[in-house]
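Breakdown of the fold
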Amino acid sequence: MDANQYCWDAYEKLKNTPDGKWLPLSRSLERYLPEEYIAEMKGIADGASIEYDKILFLNTLVTISEHGKCFAFSFRQTESNIITVRQIDISNKIPLWKKMILYIIKPQKGYGFAALLNPGWVSGETGMNEKGITVSENNIQIQQTQWDVTPIDQLSRKLLQYSKSIDDVGMILRRLNAYPAKLIFASSKKTASIFEFANNEIASIDMTNGYLAMANHACMIPSKNITSPSTRRLNFGNRFLEKNRGNMDIQKAIELVRTPRISWRWNPVVHNRQSIIFSPATLDFWIAIPPESDYIPASYGPYVGFNLMQELSGTGHEPNPESFPAY
């Protein structure tokens with residue numbers, strides 16, 4: 001209840017607004033949710049003694065309205081393994097600023113996975129599964145016009161839970177007739193892809209030249225609504241990755257995400273809330289522990305390591321290395 005108070009406040013305000021469309025829209029999206037996720041949301045509602053419609057609202061809100069910033073990239077290390085880095089940027093005025101929970105989820109069907117989520121979410125917003133597939137959902141800055149769509153949180157969860165390859169991610173997505181306006185960045189042990197989709201459009205971009213990066217705009221679908229801050233950020237990241245191609249490693253990746261252009265440290269209000277590094281080949285991952293200051297991005301903190309199989313079943317190794325130092 002405490003973590004999502006700003007959502008509950010919005011819910012109560014909308015509930016008392018006769019011509020408000022968000023709550024009816026939230027309820028209408030339920031018909032496009034997989035039954036297992038509806039059951040999970042009802043379980044959360046019962047367990048937390050929160051009415052189900054509030055949990056449904058929480059789990060459709062990103063599709064209906066949210067417009068945070070994100071950056072993600074993958075690169076091929078010299079030993080051919082892929083490393084993927086995911087960043088989320090939001091205003092430091094939002095209650096979820098620098099707060100996160102690491103969930104280790106063992107579903108009854110599909111693959112076990114780790115996900116960085118907020119309480120009450122049934123989502124795959126940021127995570128890696130036991131097959132080494134990483135998924136992150138990202139904003140695209142294109143207006144939603146079709147609403148016969150699976151909400152992005154539950155769509156990303158399905159991709160994370162049921163994909164054993166990048167081909168699986170693409171196959172699940174291309175079976176749909178309409179899409180929430182978002183980006184999905186996915187990676188595996190050997191490659192990475194960006195999936196752009198909005199309304200009835202979908203396109204993908206595969207890794208070439210040993211790296212792939214995305215910011216908050218589409219590059220392929222016809223309705224691409226490119227904005228200059230996002231393109232400048234992507235161009236900066238691509239220049240860094242190209243310049244260091246052949247000698248990229250995790251230390252270099254951390255150097256990139258600590259630059260002002262990627263961390264957004266220059267912005268007094270919006271900058272990096274989360275920074276996560278995934279190694280799909282080893283199933284190691286590292287999470288930046290954010291500094292206490294509201295004016296220092298999360299990526300400036302130390303990165304603490306985990307191993308997914310160790311967390312899922314106690315059969316994995318310790319992460320190597322165990323951590324990366326703060327800035």
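Each value, and the rule that gives it
Residues numbered from 1 in each chain as written. Predicted model: local features only at pLDDT ≥ 70, side-chain atom pairs only at ≥ 80, totals over all residues. Heavy atoms only, no water. Helix = DSSP H or I, 4+ residues; strand = E, 2+ residues; numbered from the N terminus. Rg over C-alpha atoms; globule rule 2.2 N^0.38 Å. Buried < 20%, exposed > 50% of the residue type's maximum accessible area, 1.4 Å probe, protein only. Contact = heavy atoms within 4.5 Å. Areas by Shrake-Rupley, 256 points an atom, 1.4 Å probe, with all protein chains shown as cover. 1 Å grid on protein atoms, 1.4 Å probe; cavity = no way out; pocket = protein on both sides within 12 Å on 5 of 7 lines; lining within 4 Å. Points joined across faces, edges and corners; volume = space filled by probe spheres on them. Nonpolar A, V, L, I, M, F, W, Y, C, P; charged D, E, K, R; others polar. Pairing = 2+ DSSP bridges. Axes fitted to C-alpha atoms, helices over the stretch in contact; angles between N-to-C directions. UniProt positions renumbered as here; feature names shortened; annotations may be inferred. Phe/Tyr/Trp six-rings, centres within 6.5 Å; stacked < 30°, edge-to-face > 60°. Domains from an automatic or database assignment. Buried area = accessible area lost by both parts, 1.4 Å probe. Salt bridge = Lys/Arg side-chain N within 4 Å of Asp/Glu carboxyl O. Polar contact = N/O pair within 3.5 Å; in protein donor to acceptor, adjacent residues only side chain to side chain. Core = buried A, V, L, I, M, F, W, Y, C linked by side-chain atoms within 4.5 Å.

A look at the overall build of the chain
- A tally of helices and strands in the chain yields 10 helices and 14 strands.
- For the chain, whose C-alpha radius of gyration is 19 Å, the value lies close to the compact-globule estimate of 20 Å for 327 residues.
- Overall, the chain is about 60 × 45 × 45 Å in size when its C-alpha atoms are taken along their principal axes.
- The buried share among the 327 residues of the chain stands at 55%.
- Within the chain, contacts between residues separated by at least 24 positions form 64% of all contacts whose residues are at least 6 apart in sequence.
- Element-wise, carbon and sulfur atoms account for 51% of the exposed surface of the chain, whose accessible area totals about 13900 Å².

Re empty space enclosed by the protein
- One pass over the full model with this rule turns up three cavities of 30 Å³ or more.
- Thr 84, Arg 86, Gly 127, Thr 134, Val 135, Ser 136, Phe 185 and Phe 278 are the residues that line the second largest cavity.
- Mapped by element, the contributors of at least two residues to the lining of the second largest cavity are β2 (82-91) and β6 (134-139).
- For the lining of the second largest cavity, the element with the highest residue contribution is β6, accounting for three residues.
- Split by residue class, the lining of the second largest cavity holds three nonpolar, four polar and one charged.

Describing the sheet that holds strand β12 (residues 284-288)
- Taken together, seven strands build an open sheet; the order of strands is β10-β1-β2-β11-β12-β13-β14 and the sheet is antiparallel. The strands lining the two open edges of the sheet, one partner per strand, are β10 (211-214) and β14 (323-324).
- Sheet topology places β12 next to strand β13 (residues 303-307); five bridges connect them, and they run antiparallel. Directly across from Ala 288, in β13, lies its bridge partner Tyr 303.
- Where helix α8 (residues 250-257) meets the sheet, it contacts β1 (69-76), β2, β11 (270-279), β12, β13 and β14, and its direction lies at approximately 155° from that of β1.

With respect to the UniProt feature "domain: Peptidase C45 hydrolase" (unreviewed entry) in the chain
- Following the UniProt record, one finds the feature "domain: Peptidase C45 hydrolase" (unreviewed entry) at residues 97-247.
- Across residues 97-247, helical content stands at 24% and strand content at 31%; the span's end C-alpha atoms are separated by 33 Å.

A look at the packing of aromatic side chains
- What the rule picks out here adds up to eight aromatic pairs.
- Ring plane angle 25° and centroid distance 6.3 Å describe the contact between Phe 73 and Phe 75, whose orientation is recorded as stacked.
- We classify Phe 73 as buried; its relative accessible area is 0%.
- Grouped by ring-pair contacts, the aromatic residues Phe 71, Phe 73 and Phe 75 constitute a single cluster.

Remarks on the domain arrangement of the chain
- Taken domain by domain, the chain comprises domain 1 (4-62) and domain 2 (68-324).
- A straight line from the C-alpha centre of domain 1 to that of domain 2 covers 25 Å.
- Taken together, the contact between domain 1 and domain 2 spans 16 residues of the former and 21 residues of the latter.
- When domain 1 packs against domain 2, close to 1800 Å² is buried across both sides, 61% of that on carbon and sulfur atoms.
- For the domain 1 face of the interface with domain 2, the top three residues by lost area are Tyr 37, Asn 59 and Val 62, together amounting to 34%.
- In this structure, the connection of domain 1 to domain 2 is made through one salt bridge.
- In this structure, the salt-bridge partner of Arg 157 is Glu 40, at a minimum N-O distance of 3.0 Å.
- Across the domain 1-domain 2 interface, the total number found is 10 residue pairs in polar contact (both at pLDDT 80 or more).
- Sorting the residues of the side of domain 1 that touches domain 2 by element identifies α2 (22-29), α3 (35-48) and α4 (52-64) as the ones contributing at least two each.

Overview of the nonpolar core
- Within the largest apolar cluster, 38 residues are counted, with the highest numbers of intra-cluster contacts made by Met 41, Leu 159, Val 169, Leu 173, Ile 184, Phe 195 and Phe 197.
- Looking at this core, the element that brings in the most residues is α4, giving seven residues.
- Of the domains in this structure, domain 1 (4-62) and domain 2 (68-324) are the two that each give at least three residues to this core.
- When neighbours within four sequence positions are excluded, Leu 159 is seen to be in contact with Val 135, Val 169, Ile 172, Leu 173 and Ile 184.
- Core analysis: the second largest hydrophobic core is formed by 23 residues, Val 85, Leu 234, Ala 253 and Ala 288 among them.

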